[in-house]
Structure formats: C-alpha cells, structure tokens
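Chain by chain, the residues run as shown.
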Amino acid sequence: VPVQTDALMTAVAAPKSARAFTQTNVLVAGVDEIDHVRYDGELMYIANQDRIQIVRPDAAGSVPVSTLRVPGNDFSWSEGLYLYQSGAASLLANVRSNAGTYWYANWFAPWSWSGKTRIDIVNTDTAATPRLSSQLVIDGNYVNSRRVGKTLYLVTRFTPVVKDLIANPNTAADRDANRTRIARIAIRDVLPRLTFADGTSRPLVTTAECFVPNRKSGDTIRYPTITTDTAIDLTAPSNFASLCMPEGVYRMHVSRNAIYLAAYQSAA
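Notes on the structure in this doc start here.

## Thoughts on the overall build of the protein chain
A tally of regular secondary structure across the protein chain gives 3 helices and 16 strands. A separation threshold of at least 6 residues defines the contact pool for the protein chain, and within that pool the share at least 24 residues apart is 53%. Total accessible area on the protein chain stands at roughly 15,000 Å², and carbon and sulfur atoms take up 53% of it.

Below is the structure:
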C-alpha cells in the first residue's frame, strides 16, 4: 500500500510505467500472497465486506473510481484479493468464505467445519466499470492460498456430513448403527464439489486424485477431514485441477514449483 510521502506525491504525477510503488510483502519472489488492498501503480483495489472499491490515490487524498457490489450475503468473511494483470487484461480474484472463525467449543466438532469458499473473478480492464465475470464455490473451509502467474492455488478443508450419523455414539448399538451407515456411503457423496454461478457443479476431486497417508499399523486418522489443493486458471476458471488427502492441514508454504502443507499432531 503506498505511503503518503513526498516521493509518492511526485510518483502520482508520473506515467504509470515509471512509478515506484510498494506491493504486498511476499515470502517467495514471484509467489503472490493474498491481501485486502492491492495497488498497481495507478489504482488501489480494496476488499470491503460485500464490495470491491477502486480508488485513485492523489496528492490531496483518494479519488473514488468505482464500486462493485458482489452478491452472496452468506459469504460474509473476506479473505482478501489477488490482482492479475497481463498487458491490457486486469483481473481481481476476491476470496470469501462463510466460516472464517469458530467458537472454541465447536473447534473439536468436525461437523462444524462444513463451510464453503467462494472466488469472485472480477474483470477490471475498465476501472470505471468493473464487472463480475465468474463465480466459483468450493465445498470446504478456506485454509490459505497463493498466486503464481495466472494460476490461483487454493487450499481448503472439507468435512462431509453423513445423514443420520450419530454424532456421539455411547453404546455398542449406536456404534454398530454408525458402521452400517458408513458402509452404505458412496464415495462420490462424501467428496467436495465445485459449483459455478449458473448452479452447475463438478466433483472437485475423484478418488484417483486423492493421496492416502502412509501410516503404520494401528494408526488412525483422527478427523474425518479432506484437504484439497486446487489450481484455478483465472483467465479460464472452468479449467481447474485438484488433489486431495484425508487429513487436515493448517499451514502452507509455496515455492515456484512446489506446495508444502503442514499440520500439528498431539504427542498423546
């Protein structure tokens, strides 16, 4: 975000290509990280609740350029923005979720983790008239993300809800009933999906795209959670690819050619 200094006042009057400006700090050069404010040397793009605001910094203040209201009040938690520009093309990826925080009492209840993550792709070629070009909704809570070139990498955590499953089985009969329900599940019914703005959806992953952790005999997977890593082409959002594994993750690191996921585990 630009700082109001004498150097900036001079830069505001300079041609866009010649302006010096700060961008979002990143850990790895060339791997963009999410931010609520983006700047391209001329305009600032701001994620503000259900709106995206575009303003032009000026020596006397900021001049409003346009405001785009993004539909979908159920996605009230703003994760931030990515800005992709190539030639005359300018796209914003606005990431929002409907499960940004949890009450502590519900943290250890996997069935409370069944949120969704939405990506609004906004065309800002003409800053005065931005338009929503695509919307995608992913089954699963937002964990983290990065952008490399035109590809958005999004890590989400999905916990399926099994109909009629007894949440806290206290008797042998309850446990047997749960085993019967689980045995009847079709795999396709407990895998996450990606839904487009027109209501059509596709499986986010198939079983062929899921890795199973290499565990020792007797080890168990503690939570019924599926982590997905999805790559979305911002210029052609229907072109996406995902991988998954049946474990939860909480941190990520991304280089130019690899994604590293991390989770903590109790010593008990």
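## Quick word on empty space enclosed by the protein
Taken as a whole and assessed by the stated rule, the structure comprises 1 cavity of 30 Å³ or more. Within this model, the largest cavity holds a volume of roughly 30 Å³. For the largest cavity, the full set of lining residues is Leu27, Val28, Val31, Glu33, Arg146, His253 and Val254. Split by residue class, the lining of the largest cavity holds 4 nonpolar, 1 polar and 2 charged.

## Some details on the pairing of strand S5 (residues 77-86)
Judged by how many residues are buried, S5 sits mostly within the fold: 7 of 10 residues are covered. The pairing of S5 with strand S6 (residues 89-97) spans 9 bridges and is classified as antiparallel. Each residue of the ladder has a partner; that of Ser86, found in S6, is Ala89.

## What about the state of the cysteines?
In the structure shown here, the tally under the stated rule is 1 disulfide. A sulfur-sulfur distance of 1.8 Å marks the disulfide that ties Cys210 to Cys244. On the S-S bond that ties Cys210 to Cys244, the torsion sits near 110 degrees, and the link is right-handed. Within this pair, whereas Cys210 is found in the loop between strand S12 (201-203) and strand S13 (226-233), its partner Cys244 is found in strand S14 (residues 240-245), the two being separated by 34 residues in sequence.

## So, the sheet that holds strand S3 (residues 51-58)
Ordered in space as S1-S2-S3-S4, the 4 strands form an open sheet in which the pairing is antiparallel. The sheet terminates laterally at strand S1 (37-39) and strand S4 (61-69), the two strands that pair on one side only. The sheet shows a mean angle of 20 degrees between the axes of neighbouring strands, direction not considered. As defined by bridge partners, S1 adjoins strand S2 (residues 44-48) across 3 bridges and the pair is classed as antiparallel. Looking across to S2, one finds that Arg38 is bridged to Tyr45.

## Considerations on the sheet that holds strand S9 (residues 141-148)
Pairing is antiparallel across the open sheet formed by 4 strands, whose spatial order is S9-S10-S13-S14. Looking at the sheet topology across the chains shown, the edges are occupied by S9 and S14. Here the strands of the sheet are splayed against their neighbours by 15 degrees on average, with no regard to which way each runs. Judged from the 6 bridges that link them, S13 and S14 form a sheet pairing that is antiparallel. For Thr228, the partnering residue across the bridge sits in S14 and is Cys244.

## What to know about the nonpolar core
If you look at the biggest cluster of nonpolar residues, it comprises 18 residues, and the most contacted ones within it are Ile119, Ile138, Leu194 and Leu234. Secondary-structure elements contributing two or more residues to this core are S5, S6, strand S7 (116-123), strand S8 (131-139), strand S10 (151-158) and strand S11 (193-196). With 3 residues, S6 is the single largest residue contributor to this core. Apart from residues lying up to four places away in sequence, Ile138 is in contact with Lys116, Thr117, Ile119, Leu154, Thr156, Arg193, Leu194, Leu204, Thr230 and Ile232. Counting 12 residues, the second largest nonpolar core, distinct from the first, contains Ala47, Ile52, Val70 and Leu81.

## Looking at the side chain of Gln135
Tracing the backbone through its elements, the reader meets Gln135 in strand S8. A polar side-chain atom of Gln135 sits 2.9 Å from a polar atom in the side chain of Asp120.

## Here we look at the pairing of S3
Within a regular beta strand, the side chains point alternately toward one face of the sheet and then the other, so they alternate between its two faces. Here 5 bridges tie S2 to S3, and the two strands are oriented antiparallel to one another. Looking at the pairing, Met44 lines up with Val55 of S3. Two successive antiparallel strands, S2 and S3, enclose a turn made up of 2 residues, where Gln49 displays a positive phi of approximately 55 degrees. Here S3 pairs with S4 via 8 bridges, running antiparallel.

Calculation notes
- Residues numbered from 1 in each chain as written.
- Predicted model: local features only at pLDDT ≥ 70, side-chain atom pairs only at ≥ 80, totals over all residues.
- Heavy atoms only, no water.
- Helix = DSSP H or I, 4+ residues; strand = E, 2+ residues; numbered from the N terminus.
- Contact = heavy atoms within 4.5 Å.
- Areas by Shrake-Rupley, 256 points an atom, 1.4 Å probe, with all protein chains shown as cover.
- 1 Å grid on protein atoms, 1.4 Å probe; cavity = no way out; pocket = protein on both sides within 12 Å on 5 of 7 lines; lining within 4 Å.
- Points joined across faces, edges and corners; volume = space filled by probe spheres on them.
- Nonpolar A, V, L, I, M, F, W, Y, C, P; charged D, E, K, R; others polar.
- Buried < 20%, exposed > 50% of the residue type's maximum accessible area, 1.4 Å probe, protein only.
- Pairing = 2+ DSSP bridges.
- Disulfide = S-S within 2.5 Å.
- Axes fitted to C-alpha atoms, helices over the stretch in contact; angles between N-to-C directions.
- Core = buried A, V, L, I, M, F, W, Y, C linked by side-chain atoms within 4.5 Å.
- Polar contact = N/O pair within 3.5 Å; in protein donor to acceptor, adjacent residues only side chain to side chain.

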